[in-house]
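Each chain is listed here by its residues.
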Amino acid sequence: QVQLVESGGDLVQPGGSLRLSCAASGFTFTTYSMSWYRQAPGKERELVARIGPVSGSTNYPDSVKGRFTISRDNAKKTVTLQMNSLKVEDTAVYYCKAARLGNSYWGQGTQVTVSS
């Protein structure tokens, strides 16, 4: 059974940091690219970070580049998202996604709220 379990969401003040984690099981983790998406109320789900399966190549949209860092530990089957210099507009539910050759899995999401 495939599972992606996110954790680490919290309430944080603007300028603060959070570290999200996603624990994977039930599939061959090392063959999947891993991504973090987010969805704010009333908005479409958007990609915030992606990391390749082997080379570890990463890509980010301009909105988070330089502030967010994605990494993966293939031995532990985890992917993390380090978020620094958080802004109010980063408030959203953050989802972990595994994808390979048109097949994808999603986690249940973790809430990140940035507010003073």
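What comes next is a walk through the structure. (Residues numbered from 1 in each chain as written. Predicted model: local features only at pLDDT ≥ 70, side-chain atom pairs only at ≥ 80, totals over all residues. Heavy atoms only, no water.)

**Considering the sheet that holds strand β1 (residues 3-7)**
- In space, the four strands of this open sheet follow the order β1-β3-β8-β7, with antiparallel pairing throughout. Two strands close off the open sheet at either side, each with one partner strand: β1 and β7 (68-73). In this sheet, neighbouring strand axes are inclined to one another by 15 degrees on average, regardless of whether the strands run parallel or antiparallel. (Pairing = 2+ DSSP bridges. Helix = DSSP H or I, 4+ residues; strand = E, 2+ residues; numbered from the N terminus. Axes fitted to C-alpha atoms, helices over the stretch in contact; angles between N-to-C directions.)

**Side note on the side chain of Glu 6**
- Along the chain, Glu 6 turns up in strand β1.
- In this structure, Glu 6 is buried with no salt-bridge partner, the nearest side chain bearing the opposite charge being Arg 45 at 7.5 Å.
- At 2.8 Å, the side chain of Glu 6 and the backbone nitrogen of Cys 96 are in polar contact.
- Reaching out from Glu 6, the side chain makes a polar contact with the backbone nitrogen of Gln 108 at a distance of 3.0 Å. (Buried < 20%, exposed > 50% of the residue type's maximum accessible area, 1.4 Å probe, protein only. Lys, Arg positive; Asp, Glu negative; His and termini not counted. Salt bridge = Lys/Arg side-chain N within 4 Å of Asp/Glu carboxyl O. Polar contact = N/O pair within 3.5 Å; in protein donor to acceptor, adjacent residues only side chain to side chain.)

**A closer look at the packing of aromatic side chains**
- Under the defined criterion, the tally for this structure stands at six aromatic pairs.
- Between the aromatic rings of Phe 27 and Phe 29, the centroid separation amounts to 6.3 Å while the plane-to-plane angle is 45 degrees, which identifies the pairing as tilted. The pair Phe 27 / Phe 29 is uniform in exposure class, with both members buried.
- Judged by centre distance (5.5 Å) and plane angle (40 degrees), the ring pair of Phe 27 and Tyr 105 falls under tilted. Of this pair, Phe 27 sits in the loop between β3 (18-25) and β4 (33-39) while Tyr 105 sits in strand β10 (residues 103-106), placing them 78 residues apart in sequence.
- According to the relative accessible area criterion, Phe 27 is buried, its value standing at 10%.
- Following the ring pairs from residue to residue traces out a cluster consisting of Phe 27, Phe 29, Tyr 32 and Tyr 105.
- It is Arg 45 that lies over the ring of Tyr 95; its NZ or CZ is 3.7 Å from the centre.
- Above the ring of Trp 106, the side-chain terminus of Arg 45 is found at 4.6 Å from the ring centroid. (Phe/Tyr/Trp six-rings, centres within 6.5 Å; stacked < 30°, edge-to-face > 60°. Lys NZ or Arg CZ within 6 Å of the ring centre and 35° of its normal.)

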